[in-house]
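Structure at a glance
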Amino acid sequence: MATKTRLTAEDLWRRQEGDVRRELVDGAIVEMTPVGGVHGRITLRIGRRLAEHVERHGGGDVVVGDVGFVLNLPNDPERVRAPDVAFVSAGRLPGGRLPQGFIQGAPDLAVEVLSPSDDPVNVQKKVRDYLEGGARLVWLVAPGAKTATVYRPDGSARLVREDERLEGEEVLAGLVIPLADVFE
């Protein structure tokens, strides 16, 4: 009986051919469907607002475009997840700078924008992975419902409606994004 080879984050990094988005879960590569136009616009709007805030106040970097984070989970030490948008504080970056390769550890803030093709179970697993990996805040944005759900490491979650605002809380103090601005 043949055993399946468990891939590492380094193996995933070396397989960067094509425009296929990939993550590494339990040693296996998971390919993700390319996203649509609305998803891309929402991702850009959130990323731009985060980047503008960080440029004014400092404290880290904002990345977009499925940047890989090696989450070092107890049951899967090389799990690589790639949020749509992420903020990483300078203290979590080696020498305060972004590395050339995957980022070790979870982002402080991970943002996932739902697509029609997303499996709800897999999306919740991603949220759990970010939080268990050390993320301090996760935003799950649902364009179809025009809502976002904010998750915290203590297990609490809050639904944000279109007429309300996303806030950076302690992660990005002073950041406020009216959710309606994201969906317009």
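Here the structure is a predicted model, which is why all the values come from computation and not from measurement.

With respect to the overall build of the protein chain
Each helix and strand counted, the protein chain has four helices and 13 strands in total. For 184 residues, the compact-globule formula gives about 16 Å, and the C-alpha radius of gyration of the protein chain, at 16 Å, lands near that figure. Its C-alpha atoms give the protein chain principal-axis dimensions of about 55 × 40 × 35 Å. The 184 residues of the protein chain split such that 44% are buried.

Quick notes on the nonpolar core
Of all hydrophobic cores here, the largest spans 23 residues; its most connected members are I46, L50, L109, V111 and W139. Counting residues per element, the ones that place at least two in this core are α2 (37–57), β6 (85–89), β8 (109–113), β9 (137–142), β10 (147–151) and α4 (179–183). A per-element tally of this core places α2 first, with four residues. Not counting the four nearest positions on each side in its chain, I46 is found in contact with V85, V111, V113, W139, V141 and V182.

Things to note about the side chain of D108
Considering the arrangement of structural elements, one finds D108 in the loop between β7 (103–104) and β8. Reaching out from D108, the side chain makes a polar contact with the backbone nitrogen of S89 at a distance of 2.6 Å. Only 2.9 Å separates the side chain of D108 from the side chain of R136, close enough to count as a polar contact. Discounting residues that sit within four places of it in the chain, D108 has contacts with F87, V88, S89, R92, A135, R136, L137 and V171.

Some words on the pairing of β9
Looking down a regular strand, the side chains alternate between one sheet face and the other. Of all six residues making up β9, six are buried, and the element is well covered by its neighbours. Bridge count for β8 against β9 is five bridges, and the pairing is parallel. Note on β9: the bridge partner recorded for A110 is V138. One crossover worth recording links β8 to the parallel β9 by way of helix α3 (residues 120–132), and it is right-handed. A loop of four residues connects β9 with β10, the two strands running antiparallel in sequence, and K146 in this loop sits at a positive phi of about 55 degrees.

Quick notes on the rules
- Residues numbered from 1 in each chain as written.
- Predicted model: local features only at pLDDT ≥ 70, side-chain atom pairs only at ≥ 80, totals over all residues.
- Heavy atoms only, no water.
- Helix = DSSP H or I, 4+ residues; strand = E, 2+ residues; numbered from the N terminus.
- Rg over C-alpha atoms; globule rule 2.2 N^0.38 Å.
- Buried < 20%, exposed > 50% of the residue type's maximum accessible area, 1.4 Å probe, protein only.
- Core = buried A, V, L, I, M, F, W, Y, C linked by side-chain atoms within 4.5 Å.
- Contact = heavy atoms within 4.5 Å.
- Polar contact = N/O pair within 3.5 Å; in protein donor to acceptor, adjacent residues only side chain to side chain.
- Pairing = 2+ DSSP bridges.
- Right-handed = clockwise from strand over helix to strand, strands pointing away.

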